[in-house]
Amino acid sequence: MPKTTLVAIAATVIMWGSSFPVTRTALTEMSPMELAFLRFAIASAAVAPMLLRTRLSFSARDCALILPAGILGVGVYATALNFGLSRIGAGPASFIIEFGTPLTILGSALVFGERLGRLAWIGVAVGFTGVACIASEGAAELRLTDVRWNGAALVVLLAAASHAASFILQKPVLARHEPTKVAALMMLSGSLALGLVSGFPFHRLAGLSPQGWACLLYLGLMPGALANALWAHALSRLPAGRAAVALYAVPLVSQALAVTWLGEPVRSVEVLGSGLILLSLALVTFRPSRPSRTKVRLAA
């Protein structure tokens, strides 16, 4: 593997993994929806010049898929994830988001009739079990009658599902256009939708501390814009399956930073759930004789 590709993958994993604890920090100064809009407004401003420099050939049919994909993959995803991160740890949230890959493969099977093997079905079931472990409270001894469900974790699951639905919508468009252009247009449409709902809260910028500004700029420019460019670079030089394996490390980076930087505690049932989600990813992406499937990822 070329060194530049290895560096691109490593930087992408670190940026996407770090976005979860950085988001938790930023949420101390902004509401979930305000942060979602401002973060993607910055990311959109960063990618807009690329769209202006290139000739766009999206048809009305393409736009009819890209616009709702942007609303789901940026607007709903970011708002739901931010809401969840305001109430649960960055580590558990990052593992739940990674369950979006099994959800995407399951959704593709239902919508496009793609065949799922036995391992994939088992993987989806294992993943749901992992999410249930993370979302449970009072289940340290696995006494189901004592379980209380953490609604915030279920909201993060909604974020993962919205991201999966976004990919399913954009999949036909990706067969005809460059992924970077599709992602950029989705980002712009999602940012506009967030602005319309949140009232374009640019006034919140005046009250941010230096830490708040640093978090916001980092989230918009690094995981939001640069990481996607680096990921596209990696995919252009490696088989998608080999590159996608690196995404397994994203929640591990997030968990490590959550513990060492934010001082978040780790529950044994969360460790169990996180392990089950990683096993789920391995099962649903295992293709012994076919190319692995991967997806365009806007941001972590």
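As shown above, the structure is provided for reference.
So, here's what we can say about the structure. Given the structure is predicted, the values throughout are model-derived calculations rather than measurements.

Parameters at a glance
- The residue numbers shown here count from 1 along each chain, following its written sequence.
- Two thresholds apply to this predicted model, a pLDDT of at least 70 for residue-level local features and 80 or more for giving and counting side-chain atom pairs, whereas whole-chain, interface and lining totals are computed over all residues.
- For the side-chain quantities, the full set of heavy atoms in the structure was used; hydrogens and water were omitted.
- By definition, a salt bridge exists where a carboxyl oxygen of Asp or Glu is found within 4 Å of a side-chain nitrogen of Lys or Arg.
- Strands are runs of DSSP state E lasting at least 2 residues, helices are runs of H or I lasting at least 4, and numbering of each runs from the N terminus.
- Buried, partly exposed and exposed residues are distinguished by accessible area as a fraction of the type maximum, computed with a 1.4 Å probe on protein chains only: under 20%, between the cut-offs, and over 50%, respectively.
- A fitted line through C-alpha atoms serves as each axis, taken over the contacting stretch for helices, and the angle formed by two N-to-C directions is quoted from 0 to 180°.
- Orientation labels follow simple angle bins: below 35 degrees gives roughly parallel, above 145 gives roughly antiparallel, 65 to 115 gives roughly perpendicular, and whatever is left gives oblique.
- Two helices that cross are described as forming a left-handed crossing if the nearer one is turned anticlockwise from the farther one by less than a right angle, and a right-handed crossing if clockwise.
- Whether two residues are in contact is decided by their heavy atoms, any of which lying within 4.5 Å being enough.
- In this count, Pro and Cys sit with the nonpolar residues alongside Ala, Val, Leu, Ile, Met, Phe, Trp and Tyr, while Asp, Glu, Lys and Arg are called charged and the others, Gly among them, polar.
- What a helix is expected to span follows from its residue count: subtract one and scale by 1.5 Å.

Evaluated as defined, the whole model comprises five salt bridges. Arg-176 is the salt-bridge partner of Asp-62, the closest N and O atoms lying 2.5 Å from each other. Here Asp-62 is found in helix H3 (residues 60-85), whereas its partner Arg-176 is found in the loop between helix H7 (151-174) and helix H8 (179-198), with 114 residues between them in sequence. With a relative accessible area of 43%, Arg-176 lands in the partly exposed category. The salt bridge partner of Lys-181 is Glu-178, with a shortest N-O separation of 3.9 Å. For Glu-178, a relative accessible area of 45% corresponds to the partly exposed category.

Here we take up the packing of helix H1 (residues 3-26) against helix H11 (residues 249-260). Packing of H1 against H11 brings their axes to within 8 Å, and their N-to-C directions diverge by 45°. Between H1 and H11, the crossing angle belongs to the class labelled oblique. Both H1 and H11 take part in a crossing whose hand is right-handed. The segment H1 lies against H11, with Val-13, Ile-14, Trp-16, Gly-17, Ser-18, Phe-20 and Pro-21 engaging Ala-249, Val-250, Val-253, Ser-254 and Leu-257. Grouping the amino acids of the contact of H1 with H11 by side-chain chemistry returns nine nonpolar, three polar and no charged.

This part takes up H8. Given 3.6 residues per helical turn, the α-helix brings residues three or four places apart onto the same face. Over its 20 residues, H8 extends 28 Å from the first C-alpha to the last, a length consistent with the 28 Å expected when each residue adds 1.5 Å. The first or second residue beyond H8 is Gly-199, which carries a positive phi of 80°.

Let's shift gears to the side chain of Ser-254. By secondary structure assignment, the location of Ser-254 is in helix H11. Every residue in contact with Ser-254, bar those within four places of it in the chain, is listed here: Gly-17, Phe-20, Pro-21, Ala-90, Gly-91 and Ser-94.

Glancing now at unusual backbone geometry. For Phe-200, which is not a glycine, the phi torsion comes out positive at approximately 45°. Note that Phe-200 resides in the loop between H8 and helix H9 (210-237).

So yeah, pure geometry; function would need other evidence.
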